[in-house]
Amino acid sequence: MIALYWDIDGTLLTTDRAGVHALEAALADVFGVDRDLMSERLPTGLTEHQIAGAVFALAGVQADAQQTEAFVRSYEGHLPAALPRRQGRVLPGVREILSDLVPETNVRSFLLTGNTEAGARAKLEHYGLTEFFDDGAFCIGPGARSDIARAALLLAPDADVRYVIGDTPHDIEAGKAIDARTIAVATGSHTAKALADDEPWAVLERLPAPAEFRALIELH
């Protein structure tokens, strides 16, 4: 059995930074701070809790664990309404590959993402990708992406081979943490050259046609 672990932002889709609107709303809800974050350059590839820390630093607020949780929950609540405010899209090749794999009983696609489960589900629903993913590993609190990857192992303990598909060095790190073959795609904020520096198993400019993807993961 082949297990595919997919990152979301920059790999499956782009929200065109729509989530920033939800972060701004959460900042106002929890701390009463009105801050324009759209003009700020937030780091990519982090978990939601790590992004919360970056937002707090930009806004100059101190947050304890309870406030951080309240911020993340508020962000989740605002995200569905924020997504239509920007022109996001499913990235090239994604829907074609996922649709092509549906009949394959020996291939399972999971999410492996720094999003919380509620945030991930909101994005998949908005962009029409929910049907392709039954389960996943998500951000549930403080910790690195590699911690999420280790939780992902429990989703397919009987897998013969595992692939992690993502667009940042954090995804490559997560794949290596579970001895998966990492496929880095330069459809996010990192170039193929930059991703190659972290020595993934494969580097792609973008996801290929379904037949090429099948060949890449050795699906015969």
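The structure this text deals with has already been given above.
From a predicted model like this one, the values you see are computed outputs, not experimental measurements.

About the cut-offs
- Residues numbered from 1 in each chain as written.
- Predicted model: local features only at pLDDT ≥ 70, side-chain atom pairs only at ≥ 80, totals over all residues.
- Heavy atoms only, no water.
- Helix = DSSP H or I, 4+ residues; strand = E, 2+ residues; numbered from the N terminus.
- Contact = heavy atoms within 4.5 Å.
- Pairing = 2+ DSSP bridges.
- Axes fitted to C-alpha atoms, helices over the stretch in contact; angles between N-to-C directions.
- Salt bridge = Lys/Arg side-chain N within 4 Å of Asp/Glu carboxyl O.
- Buried < 20%, exposed > 50% of the residue type's maximum accessible area, 1.4 Å probe, protein only.
- Phe/Tyr/Trp six-rings, centres within 6.5 Å; stacked < 30°, edge-to-face > 60°.

Asker: Mind showing me how you'd approach the side chain of S146 here?
Answerer: Locating S146 in the fold gives a position in helix α6 (residues 145-152). Beyond its immediate stretch of four places on either side in the chain, S146 contacts E173, A174 and A177.

Asker: For this particular structure, what's the right way to read the sheet that holds strand β8 (residues 202-204)?
Answerer: The pairing of strands in a sheet comes from backbone hydrogen bonds and takes either a parallel or an antiparallel form. What the six strands build is an open sheet, ordered β5-β4-β1-β6-β7-β8; its pairing is parallel. The outermost strands of the open sheet, each flanked by one partner alone, are β5 (136-137) and β8. Sheet topology note: the strand β1 (residues 2-6)/strand β4 (residues 107-112) ladder contains five bridges and is parallel. Following the sheet pairing, W6 is matched in β4 by L111. Sitting on the sheet, α6 is in contact with β1, β4 and β5, with an inclination near 150° to β4.

Asker: Looking at this model, I keep getting lost on the environment of E131. Mind explaining?
Answerer: Here E131 is to be found in the loop between α5 (117-126) and β5. A sequence separation of eleven residues divides E131 from P142, and the C-alpha atoms of the two residues are 29 Å apart.

Asker: Would you mind going over the pattern of salt bridges with me for this structure?
Answerer: Side chains that carry opposite charge are capable of pairing whenever their charged atoms lie near each other. One pass over the structure, following the stated rule, counts twelve salt bridges. For the salt bridge of D9 with K123, the shortest nitrogen-to-oxygen distance reads 2.8 Å. Separated by 114 residues along the polypeptide, D9 in the loop between β1 and β2 (13-14) and K123 in helix α5 bring together distant segments of the chain. A salt bridge links E76 to R73; the nearest nitrogen and oxygen atoms lie 2.8 Å apart. Taken together, the residues E76 and R73, both in helix α3 (residues 65-82) and three residues apart, mark about one turn of the helix. By relative accessible area, which is 15% here, E76 ends up buried. For R73, a relative accessible area of 39% gives the class partly exposed. Shared partners join several salt bridges into a network, and the residues in it are D7, R145 and D171.

Asker: Explain the packing of aromatic side chains here, please?
Answerer: In this description, a pair of aromatic rings is defined by centroid distance and the angle of the planes. By the definition in use, this model includes five aromatic pairs. Ring centres 5.0 Å apart and planes at 75° place the aromatic pair F56 and F71 in the edge-to-face group. With F56 in helix α2 (residues 48-59) and F71 in helix α3, this residue pair connects regions lying 15 residues apart in the sequence. Look at Y163 and W201: their rings are 5.4 Å apart centre to centre, the planes differ by 65°, and that puts the pair in the edge-to-face class. One end of the pair, Y163, is in strand β6 (residues 161-166); the other, W201, is in the loop between α8 (192-196) and β8, with 38 residues separating them in the sequence. Overall, Y163 belongs to the buried group, its relative accessible area being 0%. Ring-pair connections join several aromatic residues into one group, and the members of that group are F31, F56 and F71.

Treat this as a map of the structure, not an account of what it does.
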